[in-house]
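Coordinate inspection notes
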Amino acid sequence: MFVMTAVRHDDTLTAALREIGAKTNEIPEFRPLPDTVDEAQLSDAAITVDAPHAQTDHARYLVEDPASPLLALRTKQPAILTKQLGILPWKDVPVVHRSRDRGHGREEIREVKGVTVNGLLFPLEFVPL
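Small disclaimer: the values here were computed from a predicted structure and weren't measured.

**Concerning the overall build of the chain**
- Across its full length, the chain carries four helices and six strands.
- For the chain, the succession of helices and strands along the chain, N to C, is β-β-α-α-β-α-β-α-β-β.
- Residue pairs at least 24 apart in sequence account for 36% of intrachain contacts in the chain once pairs closer than 6 positions are excluded.
- For the chain, the computed accessible surface area is about 9,600 Å², with 52% contributed by carbon and sulfur atoms.

Written out as C-alpha cells, the structure is:
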C-alpha cells in the first residue's frame, strides 16, 4: 500500500492525497485525486504529472479542467507521439535541469527539456502510427 499525493510546487504543501491499495496501482486512482482539490487552487494552475499519467484519458481529463497540464514523457513510452515529437530539433532545446545519481552499480544522468508544441494531436485526437 502507498499514497499518491498532489503537491503544490510553490510551497511543497500537500494539496490532496489518496491511498492506493495493495491490489491496484495509481492509474485507476488518478482521476479522483484532483477532484479533491479546491477548484480555486486549480484555476490558472500548471499541473505536472509523472510519465505513467501521460496517456490520453488522463490528459483529456486535465484539459477539461481549468488548469493547464504539463505531461512528462519517457522515451520508452508507446509510440503515439513519436512522429510528432521525434521531428523536433531536440539538440537545440536547452536542458533546464540535469541530475546525476549513482546506485545499483551504475551512474544515472537525467536531463529535463521543455518545449511548447502547437497543433499536437494529443490528447484530443488519436493518430495511429
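**Re the layout of surface pockets**
- The volume enclosed by the second largest pocket comes to roughly 630 Å³.
- Lining the second largest pocket are 23 residues, with Thr5, Ala6, Val7, Ile47 and Thr48 positioned closest to its centre.
- Residue assignment for the lining of the second largest pocket shows that the elements contributing at least two residues are strand 1 (2–7), helix 1 (32–35), helix 2 (39–42) and strand 3 (46–49).
- The class makeup of the residues in the lining of the second largest pocket is 15 nonpolar, five polar and three charged.

**A short note on the pairing of strand 5 (residues 95–103)**
- As judged from the eight bridges shared by strand 5 and strand 6 (residues 106–113), these two strands associate in the antiparallel manner. Note that in strand 6 the partner of Gly103 across the bridge is Arg106.
- Once strand 5 ends, the chain turns through two residues before running back antiparallel as strand 6, passing His104 with a positive phi of about 55°.

**Some words on the pattern of salt bridges**
- For the structure on display, the rule yields five salt bridges.
- For Arg18, the salt bridge identified is with Glu29, shortest N-O distance 2.7 Å. In this pair, Arg18 sits in strand 2 (residues 14–20) while Glu29 sits in the loop between strand 2 and helix 1, placing the two residues eleven residues apart along the sequence.
- Residue Arg18 is classed as partly exposed on the basis of its relative accessible area, which comes to 28%.
- In this structure, Glu108 engages Arg106 in a salt bridge whose closest nitrogen and oxygen atoms are separated by 3.8 Å.
- Classification of Glu108 as partly exposed rests on a relative accessible area of 26%.
- Taking relative accessible area as the criterion, Arg106 reaches 47% and is therefore assigned partly exposed.
- Here the residues in one salt-bridge network are Arg106, Glu108 and Arg110, joined through shared partners.

**Notes on the side chain of Glu29**
- Residue classification places Glu29 among the buried residues on the basis of a relative accessible area of 19%.
- At 2.7 Å, the side chain of Glu29 forms a polar contact with the side chain of Arg18.

**Examining the environment of Leu62**
- Tracing the backbone through its elements, the reader meets Leu62 in helix 3 (residues 56–64).
- Along the primary structure Leu62 and Pro34 are separated by 28 residues, whereas in three dimensions their C-alpha atoms are 8.8 Å apart.

**Overview of the environment of His97**
- Residue position: His97 is located in strand 5.
- What makes His97 partly exposed here is its relative accessible area of 47%.
- Among all residues touching His97, those that are not within four sequence positions of it are Arg110, Glu111 and Val112.

Procedures and definitions
- Residues numbered from 1 in each chain as written.
- Predicted model: local features only at pLDDT ≥ 70, side-chain atom pairs only at ≥ 80, totals over all residues.
- Heavy atoms only, no water.
- Helix = DSSP H or I, 4+ residues; strand = E, 2+ residues; numbered from the N terminus.
- Contact = heavy atoms within 4.5 Å.
- Areas by Shrake-Rupley, 256 points an atom, 1.4 Å probe, with all protein chains shown as cover.
- 1 Å grid on protein atoms, 1.4 Å probe; cavity = no way out; pocket = protein on both sides within 12 Å on 5 of 7 lines; lining within 4 Å.
- Points joined across faces, edges and corners; volume = space filled by probe spheres on them.
- Nonpolar A, V, L, I, M, F, W, Y, C, P; charged D, E, K, R; others polar.
- Pairing = 2+ DSSP bridges.
- Salt bridge = Lys/Arg side-chain N within 4 Å of Asp/Glu carboxyl O.
- Buried < 20%, exposed > 50% of the residue type's maximum accessible area, 1.4 Å probe, protein only.
- Polar contact = N/O pair within 3.5 Å; in protein donor to acceptor, adjacent residues only side chain to side chain.

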